[in-house]
Amino acid sequence: MQFALRKTLPLWITVKMDLSEFVLGGLASTGATFFTNPIEVIKTRIQLQGELAARGTYVEPYKGLFQAFVTVAKNDGWAGLQKGLVPALYFQFIINSFRLSIYQMALNERWMHTKNGDISFGLGLLWGAAGGALGSYLSSPFFMVKTQLQSQAAKEIAVGYQHHHTGMMPALKQIYKKGGLFGLWRGALATIPRASLGSGAQIATFGKTKEFLIEYNLVTQPILNSFTAGLFAGSVMSLAITPPDVITTRLYNQGLDEHGRGLYYKGYFDCVVKILRSEGIYGMYKGFWANYLRIAPHSTLVLLFFDELLRLRDAYFVKSKI
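Okay, so let's go over this structure. What you see is a predicted model; the values in this text were computed from it and never measured. (Residues numbered from 1 in each chain as written. Predicted model: local features only at pLDDT ≥ 70, side-chain atom pairs only at ≥ 80, totals over all residues. Heavy atoms only, no water.)

1. Notes on the overall build of the protein
When you go through the protein residue by residue, the secondary structure sums to 11 helices and zero strands. For the protein, the succession of helices and strands along the chain, N to C, is α-α-α-α-α-α-α-α-α-α-α. A compact globule built from 322 residues should have a C-alpha radius of gyration of about 20 Å, and the protein, at 20 Å, falls within 12% of that. Each principal axis of the C-alpha atoms in the protein carries an extent, and together these give about 60 × 40 × 35 Å. In the protein, which comprises 322 residues, the share counted as buried stands at 54%. Across the protein, contacts joining residues at least 24 apart in sequence account for 79% of those joining residues at least 6 apart. For the protein, the exposed area adds up to about 15100 Å²; of that, 69% sits on carbon and sulfur atoms. Separation of charge centres in the protein, based on 32 positive and 19 negative side chains, amounts to 4 Å. (Helix = DSSP H or I, 4+ residues; strand = E, 2+ residues; numbered from the N terminus. Rg over C-alpha atoms; globule rule 2.2 N^0.38 Å. Buried < 20%, exposed > 50% of the residue type's maximum accessible area, 1.4 Å probe, protein only. Contact = heavy atoms within 4.5 Å. Areas by Shrake-Rupley, 256 points an atom, 1.4 Å probe, with all protein chains shown as cover. Lys, Arg positive; Asp, Glu negative; His and termini not counted. Charge placed at Lys NZ, Arg CZ, Asp CG, Glu CD.)

2. Looking at a nonpolar patch on the surface
Where nonpolar side chains cluster on the molecular surface, the patch consists of Leu134, Tyr137, Leu138 and Leu189 and spans about 360 Å² of accessible area. It is helix α5 (residues 121–138) that contributes the most residues to the nonpolar patch, three residues altogether. Here leucine 138 shows up in helix α5. (Patch = residues over 30% accessible without salt bridge, like charges linked within 9 Å, V, L, I, M, F, W, Y side chains within 5 Å. Salt bridge = Lys/Arg side-chain N within 4 Å of Asp/Glu carboxyl O.)

What follows is the structure in structure tokens.
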């Protein structure tokens, strides 16, 4: 129905709708980030503790989610639970503007449909991965700064390399001063596997689940349908994204020597090998439950907000222009 409606609209309205999908995708994600950023702080700390050390040989200031929340609030203050929020908002707006608008465009143009009209999981995976890869690369500097700010902690609970930034803009200036544009996009390629796997799994699962719930008359109410599909998509996403997320966190947070080279890792595959060698497979899934408890509600809220914003746009913008 939506596809048929777009075909009947003047070109200028269709173009405006496409641009609005870009903006609405970003707005949906920033709304969700306010709620989920504290869990992201905890996840980052857990992923960094015991870096390149065998399990059981290091002090764990963060022993579980609830204890970690209390520990951060006690040592860094309640504001510590929202560290890195500003670059996180920039990162989420950029990556989701691209990936959700590309997803919606592929859906509108029926690039995700099979010949019989069904939504293809494989094509959804493809377009979700493409949007995620592009958005993550362009937003990489903000992801780096977010990670470095979130890892900063009081000495008693500090884990990983400590960068001592005073805010997002000073951090960006400092990184640019040391490494130029290359420095701002250092490790950007490492975000592509993370975003491609996570976004592809989320987008493909979301579209297919929505269709399944409606087809079998299980959940047909629009808001509840989006909520249910988003929750399931977030669960699948957390399984796919945790190992590359650990790798990305480690690469972005590591310090640099006087030549601009990483102190711990030479690159993506070097990071994988060193984690597996020193921490085992457990190291690749550090922070899984924190990741799950962040991604599942974040995915649900982002996709729910996006669907509702599109519904509001179609209800008020399109009707007023036809």
